[in-house]
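# Structure assessment
Chain by chain, the residues:
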Amino acid sequence: MRILLISSVEHQSGSALRFRGLAGALARRGHDVHLLEPVPAGTVPETPAGVRRQPCPRLPGRPEGQALLWVAHGAAAVLRVKPDVCWALKALPNSWWPARLAGWRGSRVAVDLDDLDWGYYPDGWARRFLRGRFDSALRHADDVTVHTETMRARADAVRGGGRAAVFVDQGIDVARFAEARPVSGLRERLGLGPGPILLYAGHLGPASDLGPLLPALARVARVHPAGHLLVVGDGRERTRLEARAGQELPPGWARFVGTVVHAEVPAYFALADVALNFLEDTEANRHRASIKLREALAAGVPVVTSPTPDARRFAAWVEMPVGTGPDAFVDTLLATLARPERDRARAGQAWLTEHGTFDAAVRDLAVRWEEGS
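Structural notes, computed from the coordinates. (Residues numbered from 1 in each chain as written. Predicted model: local features only at pLDDT ≥ 70, side-chain atom pairs only at ≥ 80, totals over all residues. Heavy atoms only, no water.)

## Topic: the packing of aromatic side chains
Applying the stated criterion across every chain yields a total of nine aromatic pairs. Seen in terms of ring centroids, Phe19 and Trp87 are 5.1 Å apart; in terms of plane orientation they differ by 65°. Their pairing is edge-to-face. Residue Phe19 is found in helix α1 (residues 14–28), and its partner Trp87 is found in strand β6 (residues 85–89); the two are separated by 68 residues along the sequence. Trp87 matches Phe19 in its accessibility class, with the two residues each being buried. Measuring from ring centre to ring centre gives 5.3 Å for Phe278 and Phe329, while their planes differ by 75°; the resulting arrangement is edge-to-face. Here Phe278, found in the loop between β13 (274–277) and α12 (291–298), pairs with Phe329, found in helix α13 (residues 326–338); they are 51 residues apart in sequence, far enough to count as distant. (Phe/Tyr/Trp six-rings, centres within 6.5 Å; stacked < 30°, edge-to-face > 60°. Helix = DSSP H or I, 4+ residues; strand = E, 2+ residues; numbered from the N terminus. Buried < 20%, exposed > 50% of the residue type's maximum accessible area, 1.4 Å probe, protein only.)

## Thoughts on the packing of α12 against helix α14 (residues 342–355)
The geometry of α12 relative to α14 is characterised by a closest axis approach of 7 Å and an angle of 105° between their N-to-C directions. By the angle between their directions, the pair α12 and α14 is classed as roughly perpendicular. Listed contacts from α14 to Arg294, Leu297 and Ala298 of α12 are Ala345, Gly348, Gln349 and Leu352. Of the residues belonging to the contact of α12 with α14, the class tally is four nonpolar, two polar and one charged. (Axes fitted to C-alpha atoms, helices over the stretch in contact; angles between N-to-C directions. Parallel < 35°, antiparallel > 145°, perpendicular 65-115°, else oblique. Contact = heavy atoms within 4.5 Å. Nonpolar A, V, L, I, M, F, W, Y, C, P; charged D, E, K, R; others polar.)

## Comments concerning the nonpolar core
Counting 34 residues, the largest nonpolar core has Leu230, Phe269 and Leu297 as the members making the most contacts within it. Broken down by secondary-structure element, the contributors of at least two residues to this core are α6 (174–178), β10 (197–201), β11 (228–232), α11 (265–269), α12 and α14. Broken down by element, the residue count for this core peaks at five residues, all from α12. Not counting residues up to four positions away in its chain, the partners in contact with Phe269 are Phe177, Leu199, Ala201, Lys292, Glu295, Ala296, Ala299 and Val301. Grouped together as the second largest cluster of nonpolar side chains are 32 residues, Leu4, Val81, Leu92 and Leu113 included. (Core = buried A, V, L, I, M, F, W, Y, C linked by side-chain atoms within 4.5 Å.)

## Examining a nonpolar patch on the surface
Taken together, the side chains of Leu68, Trp97, Trp125 and Phe129 make up a nonpolar region of the molecular surface, amounting to roughly 500 Å² of accessible area. Positionally, Trp125 belongs in helix α4 (residues 125–140). The exposure class assigned to Trp125 is exposed, which follows from its relative accessible area of 65%. (Patch = residues over 30% accessible without salt bridge, like charges linked within 9 Å, V, L, I, M, F, W, Y side chains within 5 Å. Areas by Shrake-Rupley, 256 points an atom, 1.4 Å probe, with all protein chains shown as cover. Salt bridge = Lys/Arg side-chain N within 4 Å of Asp/Glu carboxyl O.)

## Brief notes about the environment of Trp96
Within the element layout of this structure, Trp96 appears in helix α3 (residues 93–104). Trp96 gets classed as buried once you look at its relative accessible area, which sits at 2%. A C-alpha to C-alpha distance of 23 Å links Trp96 and Ser290, two positions 194 residues apart in sequence. Each residue touching Trp96, except ones within four places of it in the same chain, is listed here: Ala88, Lys90, Ala91, Val109, Val111, Arg133, Ser136, Ala137, His140 and Ala141.

## A short note on helix α10 (residues 238–248)
Because each turn of an α-helix spans 3.6 residues, side chains separated by three or four positions in sequence point in the same direction. Regarding α10, the residues found buried are Arg238, Leu241 and Ala245. One side of α10 carries all its buried residues, which in axial view fall inside an arc of 65°. Exposed and facing more than 90 degrees away from the buried side of α10 are Thr239, Gly246 and Gln247. In the core, the buried residues of α10 are packed alongside α8 (210–213) and β12 (254–258). (Arc of directions from axis to C-beta.)

## Let's talk about unusual backbone geometry
In this chain, Gly195 is followed by Pro196 through a cis amide linkage whose omega measures 10°. Mapped onto the elements, Pro196 comes out in the loop between α7 (186–189) and β10. One non-glycine residue, Lys82, lies in positive phi territory at about 55°. Within the element layout of this structure, Lys82 appears in the loop between α2 (67–81) and β6. Unusually for a residue other than glycine, Lys90 sits at a positive phi of about 80°. Topologically, Lys90 is positioned in the loop between β6 and α3.

## What to know about the sheet that holds strand β1 (residues 2–6)
The seven strands lie next to each other as β4-β2-β1-β6-β7-β8-β9, forming an open sheet whose pairing is parallel. Pairing within the sheet leaves two strands with one partner each, and these edge strands are β4 (51–54) and β9 (166–167). Two strands pair when backbone bridges link them, and strand β8 (residues 143–146) and β9 are joined in this way by two bridges, in the parallel orientation. Each residue of the ladder has a partner; that of Val146, found in β9, is Phe167. Across the face of the sheet, α3 comes into contact with β1, β6 and β7 (108–113) while running at roughly 165° to β6. Along the sheet face, helix α5 (residues 149–159) touches β7, β8 and β9 and points at about 160° away from the line of β8. (Pairing = 2+ DSSP bridges.)

## Thoughts on the pairing of β8
A regular strand places its side chains so that they alternate between the two faces of the sheet. Of the two faces of β8, both are covered, the one formed by Asp143 and Thr145 as well as the one formed by Val144 and Val146. Crossover β7 to β8 through α4 is right-handed. Read as a crossover between parallel neighbours, the route from β8 over α5 to β9 is right-handed. (Right-handed = clockwise from strand over helix to strand, strands pointing away.)

## A look at the pattern of salt bridges
For the structure on display, the rule yields 32 salt bridges. Between Glu283 and Arg154 there is a salt bridge, and its shortest N-O distance comes to 2.5 Å. Here Glu283, found in the loop between β13 and α12, pairs with Arg154, found in helix α5; they are 129 residues apart in sequence, far enough to count as distant. Judged by its relative accessible area of 34%, Glu283 falls in the partly exposed class. When the shortest N-O distance is used, the salt bridge between Glu248 and Arg244 registers 3.9 Å. Here Glu248 pairs with Arg244, and both are found in helix α10, just four residues apart, close to one helical turn. With a relative accessible area of 28%, Arg244 lands in the partly exposed category. Put simply, Lys90, Asp114, Asp115 and Asp117 are held in one network by salt bridges that share partners.

If you want it as structure tokens, here you go:
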């Protein structure tokens, strides 16, 4: 079967990592898999074995200004590949419109709703426009894939009986993180003291909630002045977040690393005493499934996470505050630092080894396509 996956987001984002991993899992099942995702010129993107890339440039500047360029490349890929199945990541124009073109040409069309994307925009035309595309995808896609029960309920309410969404879990490269080891000299190059090290790993875009957490982390800095907040990731909010960290935290206590290629990220997890997965209590966040949480558990690192519906699936292996908000989160963080329990994280790692891989995530969907059901 010829399958074309069209990503709406750039190569280094968490959603792109997930979609790329699913492409690799489909290739391992013997399918002819093609992947289109925006990639900066001059870079060599990581590509799963058996997956063939279709060209799409990621130019400097904001993604919104490149949407029509990406639509054009997506449409060209549809015409070139002639897929049996076209799977779009997110109901955004640059992925959904080419997928619709594939549908008009006879392909089976699927859309992966991995986030409530319009929920990250304030009231206004952009939010209304994106919500319109979201609802259109729910109505017109042959298959809707989701990775939280919250999103499944929303999708099924719109699609009606007989057109239930397909659950495709938030897979990760479990083996990559289970093998996380410190890299010689990395701690010294980053200027990290004896610790503890608090790791925040993720894309620093509009969906990042690191900003509201920074003032509350001042309490941790007072208790652990030799510790550090280590932020791994980049995005258009980085400059603002780094400036705010400088205002709210002691000089040098927060270290922003910037972009790290995914294959090298486990070395940073190996430095961590605890990983942070703070999310504000919003409608959009109640539809999210966290990659950060899963990668930390796979690396055997204790996790403090906000109590989202997805995080509650991991309640046996993570630490969650009773309430919401930065202060409750930091209360739990301080308690975890006082009594770190790596055995709990390792139990989560064992569960992920069996259930948390890309191959496990895509299995039910692949069978549906293979059987033509």
